[in-house]
Each structure stands twice: as C-alpha cells, then as structure tokens.
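Coordinates in review
Here's the letter readout for the chains.
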Amino acid sequence: MIALKFTVNQQDIEITVPDSMRLLDILREELNLTGTKEGCGIGECGACTVIMDGAAVNSCLILAEQCQGSRVETVENLEKDKILSQLQEAFLENGAVQCGFCTPGMLMSAKALLAQNPHPSLEEIKTALEGNLCRCTGYVPIIESVQKAAEKLGKDAK
Amino acid sequence: MNSIIGQKVKRIDGYEKVTGKAVYGDDLKFPGMLHAAVRYADIPAGKITRLETDAAANIPGVKAIALHSDIPGSDKVGPIRQDYLPIVKDEVFFTGDVLAVVAAETKEIAYQATEAIQVTYEEFEPVCNLEEAVKPESRLVHPEYKSNIMVHYPLIKGDIRKGFSESDKVIERTYRTGYQEHTYIEPESVTAVPDPSTNGFKIYGSIQNPYTTRKVVAIFMGLKLNQVNVIQSTLGGSFGGKDDIVSNMACRAAILVYKTEKPVKLTYTRENSMRESYKRHPYIMKYKAGFTKTGKLKAMQINILAECGAYSSQTFFVTWRSVVQATGPYQIENVQTDIKGVYTNKPYTAAFRGFGSPQIIFAQESLMDEIAQICGISPIEIRKINGYKQGSITASGQVLDQHKVSLQQVMQKAAHKANFTPKYKQFQAKNKKTSRYKLGIGLACSFRGCSLGAEGTDASSAIVSVQADGSVILLSGVTENGQGLRTTLSQIAAEILGIDLNQITFLQPQTSTINDGGPTVASRGTIVGGNATIKAANEIKKRIFSVIKDELKVHKLEQTVWQNGNIFNKQDKKLSINFNQAAEKAYFAGINLSAYGWFKAPEVSWEEETGQGIAYFTYVYGCQIVEVKLDTFTGKISVEKITAAHDVGKVINRLGAEGQVYGGTTQGMGYGVMEDFDVQRGIVKSDNVDQYLIPTIKDIKEIQPVLVENPDKYGPFGAKSIGEPTLELTAAATNNAYCMASGQRSYRIPLTLEQVKLGKNLKKPVRQSEASHSGKKLHPRLSNIKTITPVNLAEALRLIHKQKFQPLAGGTDVIVQARKSNKTIKLMHISKIEELEKIEFSETGCKIGAAVTFSQILENKKLQKHFPLLIKACSLIGSTQIRNRATIGGNIVNAAPCADSVPPLIAYGAKLKLQSAQNTREMLLADFIKGSYNTQLLPDELLTHIIVPKLPHPGYFYSYFQLGRRQAVNITRMSVSVLVHLNESGIVDDCRVVDGSLFKKPQRIKAVEEVLLKQKLSKDIIAAVEQPLSQKIEDEIGGRWSAEYKKPVFIDICQDALNDIWQQARKK
Ligand code: FES
Ligand code: FES
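Residues numbered from 1 in each chain as written. Chains lettered and ligands numbered in written order. Predicted model: local features only at pLDDT ≥ 70, side-chain atom pairs only at ≥ 80, totals over all residues. Heavy atoms only, no water.

**Quick look at the overall build of chain A**
From N to C terminus, chain A includes five helices and five strands. In sequence order, chain A lays out its α and β elements as β-β-α-β-β-β-α-α-α-α. Radius of gyration (C-alpha) of chain A: 15 Å, near the 15 Å computed for a compact globule of 158 residues. With the C-alpha coordinates of chain A rotated into their principal frame, the extents come out at 45 × 35 × 25 Å. Across the 158 residues that make up chain A, the buried fraction comes to 70%. The long-range fraction of contacts in chain A, counting pairs at least 24 apart against all pairs at least 6 apart in sequence, stands at 54%. Taken as a whole, chain A presents about 5,600 Å² of accessible surface, with 49% of it coming from carbon and sulfur. Averaging the locations of the 14 positively and 22 negatively charged side chains of chain A gives two centres separated by 6 Å. (Helix = DSSP H or I, 4+ residues; strand = E, 2+ residues; numbered from the N terminus. Rg over C-alpha atoms; globule rule 2.2 N^0.38 Å. Buried < 20%, exposed > 50% of the residue type's maximum accessible area, 1.4 Å probe, protein only. Contact = heavy atoms within 4.5 Å. Areas by Shrake-Rupley, 256 points an atom, 1.4 Å probe, with all protein chains shown as cover. Lys, Arg positive; Asp, Glu negative; His and termini not counted. Charge placed at Lys NZ, Arg CZ, Asp CG, Glu CD.)

The structure is reproduced here in structure tokens:
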C-alpha cells in the first residue's frame, strides 16, 4: 500500500492505495472522477488523458507511486462557476463531440497544448492530439474546435 | 420562417459530454455491487472434457460462479438461428466463447478466479479457411445444422448465358476483404440490478438495442419481457457493434445477479472486446462480367462467400443486403448472384456500419474501373453509361420510380467538387516524372436501400408529452448511439410544434416505458424515428388546437401557423397565442397531452427463390472521390483528400450530417488501408489497439462533405439516411485511387504495406504450440506490483543490488509489459532522481540522464542544434502523452527492436554509463544491445547516463526515415539513420548508416559505409550500395518470414536516404 499525497483539480488528496493502482483507477474509483475514461489500458488511445504537472499524460500508464507530490488536472476541472471553458464551448459549437467517449481526453490534450503554445499551427495541433483516438468524428471538427478556441483565447487575452 | 430543419445545431447532449458528467456504462455504481469477469475458451474448437472450479470458488471474495448448468431459461440465443450460447455447454466454437462467469467483491478477485478455473479439452482441428469450410469434406463447425453453409441467398434476373454470349468481352475477378473491428473507444459494459418490483432485472450499460437485449435476457433467464427493464447508458460509440455481444454480456450479468441477489457489473477490457466482440464479415467475391466494346454491361454473375465465424448472428440480414446491392447502382439485364454465409471457428461477424455493403462496393467499383480501362473510357463515363437513372430496374427487379434517382447528380457534383477529370490527367502526367511517390485519384458510387427493407419488421415509436407549462418530453423507440439522434428527433418535434429546441427534453428511454421501436440500425433512426415523432407531435397539435381554435377564430388546424413559440391565425397574425399558454389551457381543459406516434414503413416484398421484389421502400445514392499518395518504395498509402457527395433526402442537422461524413469516411479509409484484424489458427492476434490500427488524427488530411438534397416522400421533411453510406464507399474509392497511382489493379483490402508491395498480406506464421496461449494472463491488467521510490542514486543502486528491484522511469514500456506478466514485479521509481534528470554539455559532447524524457530532449535547444538526427527520430516516438513520460534510458534498456532513439544514438557513437553499488563501467551502445529485448545490463546495474560524443567536424548531413503502418503513433516497422560528412572536395570522409528494426539488432552497416567512404556522392555510387546491402540482408535475415518485404524496402529507403543527403550537399 502507498500513502499518497498529491493534488487533483487544486484539491489536496491524501489517500492510501494498493501499489498496483493506476492514476486512472484512483481518479475513477477512489475519487469518483469518472470523466476520465479507459479505452485500452496501454497508452494507445488517449481516452484516459489528464494533465500532470502541466503535461498531458496517459493516466493508465501511471502508477500510484509516480503520482506522489504531483498536480493533476482532469476534465472535471474545466468548467468554472458553471461557465464552460472556451475549449468546451468550441467543441460543442463545431461538432467535435459525437459519442463523447474520447472527448475528456481530447480536451485535456488540447488544453495542455494551448497552455504551452497559445497559437499552434495545424501540424502542432495534430501532434498534440495524435495520441487521442476518436472513432466517431473523423477528427476534422476537433481540429477546427482547437483552432477556434485558440483564436478566441487570443482575442480574450488582448 | 425560421425553420430549425437543416441548420447547424449543437447536439443537445453535448454539455454532459464536454464536462465529463455523462454517465457511460462503466461509470455506474450501485450499493453492494459485485464485479464480474469471464473465463474464455483457450482453444478455438474442441470438447470440454473437464471444467474445474473449486480452486476459483475458494478464493476469498468470490461470490458466485455461473456455469451452463445454472442457466434458468433457454441456453441458446440469437436473432434468427439460436446457435449462440452466452455460457457454453461442453464444446467451444471460437476463442471468445465463455465457459464460466464469476462475480466477486472486486474486479481483481473476479479476474483471478477466472484464471484459476481449470479446463481440459479434446481439441478439434479448427475450421479456419472460408474456401475449405464450404467443401463437403470439411469438418462441421456445428454438426447439428448439417452444413457449414448457414444461409444461401440466390438472385436471378434475365438469362446470364444469353447475356455473356451477347458480350464482346467477359472478365472474371476475385476480390477479398478482411475482418473489420468496430473499435468504438468505449469497451462494452453492462450492469444488472435486481428489481424486486418485477421479480426480474434492470439492465444498464453500453447497449445499442435495448429491446433486443431485453428479449435475449428474458429468454435466457426464463422471464417475461415486462420483468426485464433495459436502460441504455450514454454509449461510447457503437457503429452496429454493441448489439448481440452486449445482450450476451447482459445474460451473464443477470445470471450472477440471480445467484447473488446483488447488482453485478461486467466491464470488458479492450483485450476482452477484441477477442469476443463480433466484426465485419470477411468476403471472398467472384465477379464475372460481360460487356460490349463501348462499356455497356450485358451480364453479371456473382458468387460470394461471407465468413460468419462461429455463430450466425446477423449474417442472415447482412448477406441479404449484399445480395440486393451486389451489382452496384448499375442496370444490367442479366444477373445471377449467389451469396453464402459460412461458419468457421473464428470470431463471429454481424452488424457493422455499412452492413454487407462496403465489401461488395469494393468489388463492384473496382470491377467498373477495370472495365472502363479495358474499354478505354473514363471511370465517369462507364458509370454514366450503366448507372441507374429515373425508372431503372434493379437486379431484384424493382423499378426505381418512387423517389428521385440521383446517382448521376451525386456523381457529377462529386466530380465537380473534387476536380476529378483534370486531376486525373494531371496526376497521370506527374507520375510519369516521379519515381518514388505516385499520385492517384479514384471514385466509387453506390445505391443503398434505406432502413431494414424486406429483411425485417420495420416500425417505430415515439412519445411526445407536453407538460402544463409548455415544456416537452420526447421519447423514442430508437436510440442515441452517439450519432446525434436525440438532437435530430428533438429538432423534428420542435419544428412541428413551432417551439424552441431548448423547450424539449429527450428522455433516454427505458424499454418498459415505450414500445419496441425496432433496432437502431440500417441508418433508420432518422427516417422511422423521425416519422414516428412527427406523428406524435401532429397528434398533440390537433389536441391543443381543440382548445384554442375559438380564440384564434379558426375552424381547421391548417388555418394556423406554429412558429417561434406561438400559434397564429394564418390569415390574421394578430390573432395568436403563446404555445405555453395554449398548453396550460389544454391541461386545465383535461386534454391528454401525451401522444404516441407509431410509424410503419411502406410495404416491401421479397421472393426467396429468385431474389426478386421491392427490397426497400426508398434508396440513397452516393459518390466518393479519394486522392492518395503512394510511396512505391514501401507500399505506404496516404489518403490526401476525400470528397463525399451523398443524397440525404433532406438535411435535418447540418452539423450532425457533416459529422457523419467525417466519421464514416475515416472509418472507411481505415478499412481500406490499415485495419487488418489478424486471426491465426483461430487465435486473435490483434488484441489491442497497438496491434489493430485505426486512423489517428494525422491520417486525416482533407474531407469535403457535399450534401445533396432530394426530399423523399417517405422521409420526415424528406430526410433519408446518412450514417452508413458515408462509410461504404471510401475503401473502394481509395483502392481505385491506389490502382491509378500504381498502374496495377488490386483485388484485396486492406492495402497494408505488404499487400501493396508484394500483392499479399504477409503475416508472421504461428506455430501450433504458440497458438494455445498458456502462461499469459487471461485478462491483462496490473495486479502484482510493488513499488518503491529511492531518495537518491546511491539508495537506488543499493536497492537493485539487494532486492532486485527493476527500474521504473516513465513506465510507458514497463507498465504495458507488467499487465501481461504473472509474476510479482518489484519496481523502483527513479524518474525523480536528480542525477538522472539532467542534460549536460561539455567540450566533448553531451551527457543525457537516463530518466530524461523525450519531450525534454525535443525541447532542448542545444540538442536540436548538435544532434538533429536524434531529435528527428525522437519526435516520431509514440504520441505526445508517451513522449511526456517515456525516457531515453527506458527506451534503450527495454531494447525493443523498434526503439527509435537507438539507431541515431548508435550513429552518433553513443556510450552508456552503467552503475552498480560496487562498480561503474562504460560501454558503447552498439555493444550493449545484444538482440531484441536483450542487453548486457547486469542484474544489479542501472543505466545512469547516455554519453553522446560530439561529431569530429561541423557540417554533417543527416537523413532519417521511419516507416510505420500509419501516419502517427507507430510501432516502427523499419528505419534508416544516416550521417555523412564530406570534405572540401566533396569526398565522403565519414559515413554512418544504421538500420532500425531490420537486423537482429540495430547496427552500423559497414557494407554500405565502405562503398561510400572516400567517394564522391553520385547516382552511380548510391546505386553501387545495392549489391553489398542486399547480400548483407540476405546473410542476416534471409530466412525470416518478413525478409520478403523488408529486404527490397530497406534497400530502397536506404538508397533514398543517401540520395537525400546527396541532394542536400548539392544545394549547399
Ligand atoms: S486507456 Fe490510457 S491510453 Fe487508452
Ligand atoms: S466522439 Fe466518439 S470516440 Fe470521439
């Protein structure tokens, strides 16, 4: 068992979990944050993407021990005071969501990108999202959404 | 008029999906819930001679084990032929068969218990080959049905003998397609909950067709339909795939509830899903076509074998659609088609978006292009000559005069938008001048019957219920599967009632609240669900009208207009009433404001013996044009552009319709190019999405939807369907584009690297001993890990010395491998050890800590400047998420043949620093790696640093090429890394060429380097590399199964990399 201290969505978490537990399981089962999804368990689909210490990571490939002292952010953290983030709005407006199962992971990958690179090129967007599989949307609307969100965020910043 | 029909409407269930609040199957929790797992068959065919569950039952926390003998109702289920056993009796038919199900306190205990169940078999030789299976001497998969041919549909029109004799030319071709796996991103999940009020169950989960699931569970559990209430969770994709399998899972969960009286959840891992779930049918299609010199089709004879795998499932329906549409949208007087569905001991096949059409479209559209070529006319011309027009007669004798036959229109629109004819010529001209990359453009057309057609009862239901305040609840018997149906149907209700979309709540129905709307398949959701919704909404209008007509001074409903939340007198707009007030009025007048709409599709007919009749009440038409770029060296195809023109009748939600086009064409492209589901001797080899590849975001370039509208008299507002047509054409058009690029016809999809390069789908052969996969975990998962974090390097070294801890850095390899291992794994987390996290530069070069991640490497400006070859290779490793975690040390120590950082590091002459508690040593990376997954690392040693020496001079040229099966997130198939330096006179004074994934281990290829050293780069000198390289490859890997592909390809890419360097040097 591991006595774990870290933060999730700005909240301090102290929890004791088995060594075999993945960050994904801690979020879904222990903290009831079921927005983060499991699609493959081997780092290939990106459905489990969260942001850890500023970087997009696959939470299915992170053991409890590796979370010690980290800052984790999940999809549940995007909406603030009942206001959707620009990214979420853009996903809705542009049809980037169909079944929605890939959506939380996509949003987190996109958020990590925009935080580091507010004006990404098309190629940079694709690179940031290459690890997130979507079987429904053909990706086109997702790319559009990230571009539009970046534009809006750019304007808002001015 | 602000009609909402045809607008871009945000999906109404979007909010919960972007906030993570939507509840999918596995997100459900119930008090006291148990977790279930299944025990799969170990072999594809055999009798069970012993099944021992005692050891499993004794594991603490195991609550129940259900076997065949526990089934309270009927043990066999299936939509037409009941040949499927959710829990098998004494025989297994494929490796996805379930022998037992376990319920336990935790998932982990349930998994352990399934693995503790001991089974012995009397093995049968599995029936694995479709063409063998139909021969009379083949072993029968299910002896009780007396034949492996489970269904045969004939179709006869005219006289083919006469047709062939009137033809100028007759050709015969055979086409083959493989399995396609749905690969919805959400694996299946079902939860059964005891329902004391009915003495039955509530079933929740990722269920595509709640009514089917209800029926199957009732039969299996021996209950009445009203004792099973099925409630669909938000569905994480389905595409036809979450039908039978989920019903069968529901049976297993239900039987465990029956035994434990507790809620039971059964969630599948991706591996479970790939192994058990049904797929798209592989087809073998023999087409014989007779035609005149001018390209007019005279006769067509078609013989198709459809592989249904171990069970019949939906094969009856799937193959029926194929028989109706097999000739494509072409009028032919004389046709004979025979299609047979055939059992094998492989994964079974059933519904998948397209449903028996992508296969035949691939064949028939390839055939049309070939005929055009033979006749010397264009692909467009051949389809103009033969394509359906108003009043044409189909192969089944149906006269197409009840709807607009828009084939020529969609083809013309697509060709225009895609610039087909000019591009065709342009590409032909360009291809003459290029050697490696060729361009291609291809087209495919189809017609598709809407809804179920004569294959089944076609009716659906809806309830529109207006509340006293004017808000509306809408329920439908067809379901939201992610495609956006909730939004579409709500739009339809809003339009009829003239109210805002926000005023409508779409309730995810429970099977016990609304009658069976039939399955949400065959792209019928909009057409039948929409019509039922219209009926219900119109009924409501009539009722509300009865209480407001006096106020509006009208007598007939037709005299009113319902718009923008108000009801007006058509003649005198001043007379109006607000919809909400009208609702309130009706409520107080005691009017029933809940109306039921039932839509039964128009009559269709079918004659079984001859295959003649009105197969579908209406059809849609589509044409797609695909542009590809072909790498003739490697056989890799990249799809550059897809133009998709579809007659949808009428667009209801533009955002939704375009979304269907993007998604459907992407799946179709995957089907044509990369989706290669590998089953060897009945064992599923593609067991996760690292093996079964679907398109990533980088595989998609440009998709252009062209929505054509010809409102249909039977459709709601004229709408027909869009979901499936979008998928069915893309593979066919891609293949035609590829054939144009390569100048050769091709008869098999997917167009994998080997298929393109060698004309066959090369696969690693499986030995029988390997086939029965003992020793591996049945359910890959992390279960036996111990972790520790040392405070510093010294402690880390002590730990491995004493306790044999294995280092864990990013974990991207270690964790994936640990999932499969049965042993306890002791991991020491080293990625926070300071000494291992630095990148340091000195006069002599650079020292990279073993725990430095690839993202850190990529961001490092100095590395970018001095070691660009390394940067290039590292940028192509995995995905962003992987590069954020994976470390350079991990990549090296794991020593996978596909490790991408290794070849460039060898080229730079990198050394490794290896430390143990007692000792420190340095070693060349090239020596460190002994072979695949095999290194010189001692058990108590840790790789601490990678030392990359500076190159002896500035001004090296580099070239890198990585080959993968798709455009991103690849397991590298092969790579080549080259560093070259030229002296002032342009003579090669240093040259380093390293392979990746070719030889037993990556190495400098002296045979090549020696040819180049002390020479000037030139065409001839690069050509001179071929012979020694070829010899070297032959010597090293000549006998291997993959050599046939790898040898010629490596020679080509290696020479091309040298060429690249030569060009760079010339530009300087
Ligand atoms: S579940 Fe983590 S990447 Fe697929
Ligand atoms: S929306 Fe379904 S997987 Fe992306």
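**Some remarks on the domain arrangement of chain A**
All names here are of chain A. Split into domains, chain A comes out as domain 1 (2-77) and domain 2 (86-157). Measuring from the centre of the C-alpha atoms in domain 1 to the corresponding centre in domain 2 gives 21 Å. Counting residues at the interface gives 15 residues for domain 1, matched by twelve residues for domain 2. Across the domain 1/domain 2 interface, buried area totals approximately 1,100 Å², and carbon plus sulfur atoms make up 62% of it. Linking domain 1 to domain 2 there are one salt bridge. The partner of glutamate 73 in a salt bridge is lysine 111, with the nearest N and O atoms 2.7 Å apart. Run the count over domain 1 and domain 2 and you get five residue pairs in polar contact (both at pLDDT 80 or more). The element best represented in the side of domain 1 that touches domain 2 is strand E3 (residues 49-52), accounting for three residues. Its residues placed into classes, the side of domain 1 that touches domain 2 shows six nonpolar, five polar and four charged. (Domains from an automatic or database assignment. Buried area = accessible area lost by both parts, 1.4 Å probe. Salt bridge = Lys/Arg side-chain N within 4 Å of Asp/Glu carboxyl O. Polar contact = N/O pair within 3.5 Å; in protein donor to acceptor, adjacent residues only side chain to side chain. Nonpolar A, V, L, I, M, F, W, Y, C, P; charged D, E, K, R; others polar.)

**Structural notes on the nonpolar core**
One finds Phe91 of chain A together with Ile203 and Tyr287 of chain B to be the most contacted residues of the largest nonpolar core, which totals 234 residues. Ranked by residues supplied to this core, first place goes to helix H7 (residues 244-260) of chain B with ten residues. Those residues in contact with phenylalanine 91 of chain A that lie beyond four places of it in its chain are Ala96, Val97, Thr103, Met106, Leu107, Ile142, Ser145 and Val146 of chain A together with Val18 of chain B. The next biggest cluster of nonpolar side chains, apart from the first, holds 54 residues, and it includes Val902, Leu905, Leu914 and Ile946 of chain B. (Core = buried A, V, L, I, M, F, W, Y, C linked by side-chain atoms within 4.5 Å.)

**Description of the environment of alanine 1065 of chain B**
Residue and element names in this part refer to chain B. Note on placement: alanine 1065 falls in helix H34 (residues 1043-1067). For the pair alanine 1065 and tyrosine 596, spaced 469 residues apart in the sequence, the C-alpha separation amounts to 77 Å. Those residues in contact with alanine 1065 that lie beyond four places of it in its chain are Phe957 and Leu982.

**Description of the interface of chain A and chain B**
Across the boundary between the two partners, chain A contributes 70 residues, which contact 84 residues of chain B. Interface area for chain A against chain B, summed over the two sides, is near 5,900 Å², with a carbon-plus-sulfur share of 56%. Looking only at chain A, the three residues that lose the most surface to chain B are Gln66, Glu130 and Arg135 of chain A, adding up to 15% of its buried area. The interface formed by chain A and chain B holds ten salt bridges in total. The partner of lysine 37 of chain A in a salt bridge is aspartate 27 of chain B, and the shortest N-O contact between them spans 2.5 Å. Taken together, chain A and chain B are joined by 42 residue pairs in polar contact (both at pLDDT 80 or more). Counting only elements with at least two residues in the side of chain A that touches chain B, the list comes to helix H1 (23-30), E3, strand E4 (55-58), helix H2 (86-93), helix H3 (103-116), helix H4 (122-129) and helix H5 (140-157) of chain A.

**Notes on the pattern of salt bridges**
A complete count under the given rule lists 63 salt bridges over all chains for this structure. A salt bridge links glutamate 675 of chain B to arginine 135 of chain A, with the shortest nitrogen-to-oxygen separation between them at 2.7 Å. Pair noted here: glutamate 675 of chain B is in the loop between helix H17 (654-673) and strand E26 (679-680) and arginine 135 of chain A is in the loop between H4 and H5, and the two residues belong to different chains. In this structure, glutamate 675 of chain B and arginine 135 of chain A share a single accessibility class: buried. The salt bridge partner of glutamate 276 of chain B is arginine 252 of chain B, with a shortest N-O separation of 2.9 Å. Here glutamate 276 of chain B, found in helix H8 (residues 270-276), pairs with arginine 252 of chain B, found in helix H7; they are 24 residues apart in sequence, far enough to count as distant. Owing to a relative accessible area of 0%, arginine 252 of chain B belongs among the buried residues under this scheme. Several salt bridges share partner residues, and in doing so they unite Arg28 and Lys37 of chain A together with Asp26, Asp27 and Lys265 of chain B into one network.

**Some remarks on the pairing of strand E3 (residues 62-66) of chain B**
Residues and elements named next belong to chain B. Where burial is concerned, most of E3 is hidden: four out of the five residues are buried. Of the pairings in the sheet, the one linking E3 to strand E5 (residues 98-104) comprises four bridges and is antiparallel in character. Pairing of valine 62 across the sheet is with alanine 104, part of E5. (Pairing = 2+ DSSP bridges.)

**Here's the deal with unusual backbone geometry**
Following isoleucine 749 of chain B, the chain continues to proline 750 of chain B via a peptide bond in cis, the omega torsion being 5°. Topologically, proline 750 of chain B is positioned in the loop between strand E29 (748-749) and helix H20 (753-758). Phi angles above zero are rare outside glycine, and asparagine 9 of chain A is one such case at about 50°. Within the fold, asparagine 9 of chain A resides in the loop between strand E1 (2-8) and strand E2 (11-17). With a relative accessible area of 15%, asparagine 9 of chain A lands in the buried category.

**A word on the sheet that holds E3 of chain B**
Residues and elements named next belong to chain B. One open sheet holds the seven strands; their spatial order is E3-E5-E1-E12-E9-E10-E11, and the pairing between them is mixed. This sheet does not close on itself; its edge strands, each paired only once, are E3 and strand E11 (228-232). The mean angle between the axes of side-by-side strands here comes to 25°, regardless of whether they run parallel or antiparallel. Packed onto the sheet, helix H3 (residues 107-116) meets strand E1 (34-40), E3, E5 and strand E12 (264-267) and runs at close to 25° relative to E1. Contacts from H7 reach E1, E3, E5, strand E9 (189-195), strand E10 (200-205) and E12 within the one sheet, and its direction differs from that of E9 by about 40°. (Axes fitted to C-alpha atoms, helices over the stretch in contact; angles between N-to-C directions.)

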